Structures are given as structure tokens and as C-alpha cells.
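# A look at the structure
Read off the chains here:
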Amino acid sequence: MKKSPEQLRSHRWFDGEDLRAFGHRSRAKQMGYADEDFAGKPIIGIINTWSDLTTCHSHFRTRAEEVKRGVWQAGGFPVELPAMPVNETFMKPSPMMYRNFLAMETEELLRSQPIDGVVLMGGCDKTTPGLLMGATSMNLPAIYLPAGPMLRGNWNGQVLGSGSDVWKYWAEKRAGRISDCEWSEMEDGIARSPGHCMTMGTASTMTSIAETLGMTLPGASSIPAVDANHSRMASACGRRIVEMVWDDLKPSDILDLAAFENAITADMAIGGSTNAIIHLVALAGRVGIKLDLKTFDDISQRTPMIANLRPSGEYLMEDFYYAGGLKALLKQIADFLNLDCVTVSGATIGDNIQTARVCKPEVIRALDNPVSTKGGTAILYGNLAPNGAVIKPTAAETRLLQHAGPAVVFKNFQDMMDRVDGDDLVVDEKSVLVLQNAGPVGGPGMPEWGMLPIPKKLLKKGVRDMVRISDARMSGTAYGACVLHVAPESFIGGPLAFVRDGDFIELDVANRKLDLRVNDDEMARRRAQWRPEPPRYERGFGALYGAHVTQADQGCDFDFLHAGAATSEPEIH
Ligand code: FES
């Protein structure tokens with residue numbers, strides 16, 4: 001049953017003969033609009049995370065206009081709303097601190113203004129979860145417009161992938177195998193167009209997940225940012241959201257447990273970023289679904305990884321699009337999916353992928369020829385991580401997946417940078433590098449420091465991977481035997497805080513174990529001696545963040561933003 005104009009949320013602002021309605025209409029007219037432009041029409045918010053420093057979204061001003069074109073075509077009234085342009089490159093200490101800020105801003109932009117439905121424009125890592133979390137809590141009809149990946153990098157006849165090849169060649173440069181001149185040439189060639197990182201890093205993972213959840217138009221997440229199809233998709237989002245408002249199709253109609261299981265399954269099949277775990281747990285928390293870390297491991301165990309994309313594979317997102325994109329991949333793993341889940345298209349995910357096909361089987365592999373027979377995520381538990389830790393086995397050297405070695409402990413990031421390349425660092429290839437105080441509160445913001453640098457003296461010996469443990473995150477484009485998201489974190493007194501140089505640490509990925517071989521009495525003694533550091537912030541957003549952010553296993557959302565009692569609509573006076 002379609003809504004009537006009188007049932008639109010914005011009707012409360014615009015209709016009537018009172019002083020307030022007069023004010024709202026007169027101010028719409030201040031922009032040059034006439035009654036015919038807005039009266040009785042769905043008002044569509046376009047939340048745009050463009051900024052000059054959000055380089056992945058540099059095409060968004062044009063795309064916003066293309067969305068508006070679609071909204072007008074369908075009989076809606078578009079209004080653009082700029083929002084916190086969380087960007088991965090420039091925001092310090094970590095953009096992760098600002099994901100929840102964007103989520104809050106999204107929710108309140110929608111709540112406080114006469115919006116009937118929303119197009120969410122994001123793509124750079126944290127923008128996808130931030131926008132979806134806020135819109136889900138507000139629960140107005142919402143459609144996600146993913147920025148699309150940038151074109152392949154190019155250097156010296158070689159294809160370069162965002163992040164992955166930076167880490168790779170940076171290690172070669174530190175080992176003295178790449179010249180300054182070559183390094184400078186790479187700087188010119190690795191980011192060639194608008195769009196988010198084009199490896200299967202966090203951005204591509206999260207936009208693929210948004211599509212699998214049912215929050216984008218079918219196929220939207222794989223379209224390169226500068227492809228003309230991307231512009232057409234933007235206009236299609238504008239047209240579709242107007243229909244969604246009349247149909248009252250909301251996130252709560254789409255985001256159920258089955259949709260989240262689909263998202264985790266796709267995450268495993270694409271070899272997605274470990275960051276997706278945190279974001280999915282947080283998003284599910286916004287609809288009252290508690291996603292256990294074990295669910296990720298269970299689904300990982302049964303899902304083959306078939307996307308041959310860096311960092312776990314060979315190709316890049318542009319190749320993925322030409323290979324058929326996410327729709328083709330989902331078709332390939334259809335037997336693992338709940339095909340009845342509803343999506344923003346109004347059709348089920350099963351309907352959406354019905355005609356999809358794989359055009360390049362070397363990029364999207366067949367189920368009987370996977371990149372890995374299991375997904376890319378393992379959840380570890382043990383006395384070092386009572387509430388869990390994460391590793392991406394597909395991105396690590398296999399020999400390290402079962403390993404025991406002595407700890408080399410860095411008490412924070414600066415300590416690590418000061419000492420890791422020193423000749424006097426006592427370390428060999430069997431050592432386990434440990435970074436403390438890099439978690440959600442301690443980092444702060446759980447920065448992507450989890451791929452600890454290999455000490456220079458080992459790089460020179462040819463070592464390229466070793467076991468590394470932290471309560472930090474790792475870029476989705478990074479790789480290595482890096483144990484991440486250790487919970488609870490060291491800054492609040494998690495066991496990672498008590499590791500000392502020389503302690504033996506045992507990693508056993510097959511058995512999902514992460515243990516510190518220190519007896520309980522000694523651990524109790526160290527715990528009793530431990531003194532917390534002062535809070536990272538005493539005022540401002542940082543203080544709010546430090547007081548309310550939850551641990552990695554709970555998604556790092558603010559405790560007061562989880563699903564619970566409804567937040568009321570504003571009174572209009
Ligand atoms: Fe924006 Fe990588 S920097 S997605």
C-alpha cells in the first residue's frame with residue numbers, strides 16, 4: 001500500500017496554515033523553488049561526504065547532481081546535506097574515531113529536518129558503516145550510493161594496487177632495493193582517478209557488504225568511480241529512493257539476521273578486510289542483532305574464497321567489474337546465501353543476481369577452483385585475548401600460522417617507531433612483535449597500526465613476514481601474520497598490557513588459540529602492579545569518545561547508540 005502525500009514525514013513541516021508551516025514554505029521559496037517543486041512531494045536528503053581532503057569522493061559533487069536529476073525525474077524534491085567527510089588518508093589520530101561521529105551526524109541530520117528518504121553517499125572506508133549505522137538508527141527509507149573504486153594503479157608497466165603495493169614496495173625501499181626515483185614514480189601512478197582504494201581493502205569490502213545486505217542497487221558496488229555507468233547508477237538511486245518512500249521500504253525491512261549472514265558470507269568469499277568484522281557487529285547492534293565473533297569464524301570455515309583480488313589474490317576492483325562484479329560473485333555462491341532477503345531494489349537478492357554471470361573466471365573463480373577453500377578470517381581466543389582476536393590467514397605466510405616465539409614488546413606506536421629499526425633491537429625471525437596501547441581507547445581510535453613493520457635488520461636478511469600482535473586494526477589492503485583487535489585492549493588493562501620482552505607467545509590458527517605462556521601467579525602479580533595511563537582526552541569529542549566507545553568485539557560503537565528505546569521525532573513548533 002502506497003503512502004499518500006499527507007502521510008509523508010515532511011508533511012508535518014510543510015502543511016497547514018500556522019506560522020511554522022508558513023516559515024518552512026517561505027524559506028524553501030527563498031531558494032527560488034515554487035509550490036510545484038516541493039508541495040506534496042517526498043523530500044529526499046542526499047547525504048554527501050564530499051570534501052577537498054576526502055580524495056576518494058572527489059567526484060561526489062557531480063554525482064550529487066546526478067542523484068538530484070533522478071529524484072526530480074521521479075517526482076521528489078532533492079536536498080543535499082553535507083556530512084562529516086571521514087577520510088582514511090588525512091584524518092588523525094585515526095578516522096575510526098570519527099565513524100561514530102558520522103553515524104550520529106547522519107541520524108540527527110535526518111531526524112531534525114523534514115526528510116522522507118535518503119541517499120547516502122560514501123565509499124572511503126569508515127563512511128560506509130558510519131552512514132549506514134546512522135540511517136539504520138533513524139530508519140527512514142535509505143539507499144546507499146557507493147563511490148566506486150578508482151582505476152588500477154600503473155607504474156613502469158606494472159599494475160599497482162592501493163595500499164598493498166605501497167606496503168610491499170616500502171619494505172623493498174627500506175631494504176634498499178627500490179631507488180628514491182622509482183619510489184617517486186610510484187607516487188605519481190598509484191592513485192590515478194577519483195574513487196576509493198581499488199584493492200579488496202576496507203572500502204571495497206564495505207561497499208560489497210552494503211550491496212549484499214541489500215542497501216545498494218544491484219551491482220552498484222563494483223562500478224568504477226569514473227565509469228559512465230556510475231553516473232547512471234547515481235541517477236537511478238535518485239529515482240528509486242522516491243519509490244521507496246511511497247512504498248515505505250525502510251532499513252528495518254531489509255537488515256535482518258539472514259541479511260547479515262549473507263554479508264558475512266560475501267565478506268569471506270571476497271577475502272574481505274578484517275575491519276568488516278567491527279563494522280558489521282556495530283551495524284547489527286543498531287537493529288538489535290548481536291553478532292558473535294564466532295559467527296564470522298563459522299561462516300569463514302564453510303565459505304570458499306573465490307575473488308582473486310589483492311591483497312589475498314592477484315587482481316584489482318576494475319578487473320572484478322569486468323569479470324561480472326559482485327553480482328556474478330554472489331551468483332557463484334548462491335547456495336551459501338539466503339536468497340529471499342529483500343533489497344532496496346524492491347526485489348530479493350536472489351532476483352537481483354538471477355542473470356549475472358562470470359566473464360573472467362581467473363578473477364572470480366569457480367567454487368571448485370577457489371583461491372582458498374575457506375574464508376579469510378579466523379577468530380582466536382586464549383589467555384592473551386579472552387574476548388577474541390582476529391587474523392586473516394589468507395594474507396599471511398602459511399609457515400607462521402602455527403608458531404611460538406619470544407615477545408618483543410613496544411609499549412606504544414612511538415616506542416615502536418623509535419626502536420624497531422635499531423641495530424640493538426634483540427629480535428630474530430622467530431620473535432613475536434607486540435604493540436600495546438593501540439586499541440579503541442588507547443590508540444585512540446584503534447589505528448591501522450596492526451601490520452607492525454618488520455625490523456630493518458630482518459628485512460635485509462630477506463624476512464618479509466613474522467607474527468605480530470596488537471589491539472590495533474590493520475588496513476584492509478595490508479597483509480602478514482598479524483593478530484589484530486585483541487580484546488580487551490591493553491590500555492584498559494587487558495592481558496596484552498602484561499606481556500614482557502622474552503615471554504613466549506603461541507599462535508595456533510588451526511586450533512584458534514592465542515596464548516601467553518606465563519603462569520597465572522605471574523600474570524596476577526603483573527596485573528596488580530599495572531597502573532592505567534590518564535585518559536587520552538579531557539575535553540571535546542575525544543572525551544566523549546573515550547568514555548563511551550566499546551571494545552572491538554562489540555563493534556566500537558558508542559554504548560548509548562546501540563538499539564534500544566526509540567528516539568522520538570522532534571516536535572514542530
Ligand atoms: Fe579512501 Fe582507501 S583512502 S578508500
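Analysis parameters
- Residues numbered from 1 in each chain as written.
- Predicted model: local features only at pLDDT ≥ 70, side-chain atom pairs only at ≥ 80, totals over all residues.
- Heavy atoms only, no water.
- Helix = DSSP H or I, 4+ residues; strand = E, 2+ residues; numbered from the N terminus.
- Axes fitted to C-alpha atoms, helices over the stretch in contact; angles between N-to-C directions.
- Parallel < 35°, antiparallel > 145°, perpendicular 65-115°, else oblique.
- Left-handed = near helix turned anticlockwise from the far one by under 90°.
- Contact = heavy atoms within 4.5 Å.
- Nonpolar A, V, L, I, M, F, W, Y, C, P; charged D, E, K, R; others polar.
- Core = buried A, V, L, I, M, F, W, Y, C linked by side-chain atoms within 4.5 Å.
- Buried < 20%, exposed > 50% of the residue type's maximum accessible area, 1.4 Å probe, protein only.
- Pairing = 2+ DSSP bridges.
- 1 Å grid on protein atoms, 1.4 Å probe; cavity = no way out; pocket = protein on both sides within 12 Å on 5 of 7 lines; lining within 4 Å.
- Points joined across faces, edges and corners; volume = space filled by probe spheres on them.
- Polar contact = N/O pair within 3.5 Å; in protein donor to acceptor, adjacent residues only side chain to side chain.

### A word on unusual backbone geometry
Pro 93 follows Lys 92 through a cis peptide bond whose omega is 5°. Topologically, Pro 93 is positioned in the loop between β2 (77–82) and α5 (96–112). In this structure, the amide linkage connecting Gly 443 to the following residue, Pro 444, adopts the cis form with an omega of -10°. Here Pro 444 lies in the loop between β10 (432–435) and α19 (456–459). At Met 446, a position not held by glycine, the phi torsion is positive, near 50°. By the secondary structure assignment, Met 446 is in the loop between β10 and α19.

### Some words on the packing of helix α7 (residues 164–174) against helix α8 (residues 180–189)
For the pair α7 and α8, the least separation of the axes is 11 Å and the interaxial angle reads 170°. Relative to α8, α7 is oriented roughly antiparallel. The way α7 lies across α8 gives a crossing that is left-handed. Seen from α7, the contacting residues are Val 166, Tyr 169, Trp 170 and Lys 173; seen from α8, they are Asp 180, Trp 183 and Met 186. Within the contact of α7 with α8, the residues separate by chemical class into 5 nonpolar, no polar and 2 charged.

### Observations regarding the nonpolar core
Leu 213 and Leu 329 are the most contacted members of the largest nonpolar core, which has 119 residues in total. If we ignore the near neighbours within four places in the chain, the residues touching Leu 329 are Ala 269, Ile 270, Ile 306, Ala 307, Phe 320 and Ile 364. With 29 residues, the next largest nonpolar core counts Leu 401, Ile 469, Ala 481 and Val 509 among its residues.

### Points about the sheet that holds strand β4 (residues 142–146)
Backbone-to-backbone hydrogen bonds pair the strands of a sheet. The strands run either parallel or antiparallel. Pairing is parallel across the open sheet formed by 4 strands, whose spatial order is β2-β1-β3-β4. The strands lining the two open edges of the sheet, one partner per strand, are β2 and β4. For this sheet, the mean angle separating the axes of adjacent strands, direction not counted, is 20°. Looking at chain direction, strand β1 (residues 43–48) and β2 are connected through 6 bridges and run parallel. When the bridges of β2 are listed, Ile 47 appears paired with Leu 81. Its contacts with the sheet put helix α4 (residues 60–73) on β1, β2, β3 (117–122) and β4, and the angle it makes with β2 is roughly 155°. Each of β1, β3 and β4 touches helix α10 (residues 228–247); the most contacted strand, β4, lies at about 175° to it.

### Re the layout of surface pockets
Its volume calculated, the second largest pocket comes out at about 320 Å³. Looking at the second largest pocket, it is lined by 18 residues, and the ones nearest its centre are Glu 107, Ser 137, Ala 565, Ala 566 and Thr 567. Listed by contribution, the elements that provide at least two residues to the lining of the second largest pocket are α5 and α6 (127–138). Take the lining of the second largest pocket: its biggest share by element is 3 residues, from α6. Within the lining of the second largest pocket, the residues separate by chemical class into 7 nonpolar, 7 polar and 4 charged.

### Some remarks on the pairing of strand β14 (residues 513–516)
Bridge count for strand β13 (residues 504–508) against β14 is 4 bridges, and the pairing is antiparallel. Bridging from a neighbouring strand, Glu 506 pairs with Asp 515 of β14. Linking two consecutive strands that pair antiparallel, namely β13 and β14, is a turn of 4 residues; a positive phi of about 60° is found at Arg 512 within it.

### Side note on the packing of helix α12 (residues 257–270) against helix α14 (residues 293–302)
Contact geometry for α12 and α14: axes closest at 9 Å, N-to-C directions at 55°. On the basis of their axis angle, the class for α12 and α14 is oblique. Here α12 and α14 pass one another in a crossing that is right-handed. Side by side, α12 and α14 meet where Glu 261, Ile 264, Thr 265 and Met 268 of the first sit next to Thr 295, Phe 296, Ile 299 and Ser 300 of the second.

### Things to note about the side chain of Thr 205
Structurally, Thr 205 is set in helix α9 (residues 202–213). Judged by its relative accessible area of 0%, Thr 205 falls in the buried class. At 2.6 Å, the side chain of Thr 205 forms a polar contact with the backbone oxygen of Gly 201.

### Notes on the pairing of β3
Taken across its 6 residues, β3 has 6 buried, putting it largely inside the fold. A two-sided burial pattern is seen for β3, the buried positions comprising Gly 117, Val 119 and Met 121 on one face and Val 118, Leu 120 and Gly 122 on the other. Where β1 lies against β3, 5 bridges are found, and the strand directions are parallel. Considered in β3, the bridge of Asn 48 is made with Met 121. With 5 bridges joining them, β3 and β4 adopt parallel strand pairing. Residue pairing for β4: Met 121 is matched across the bridge by Leu 145.

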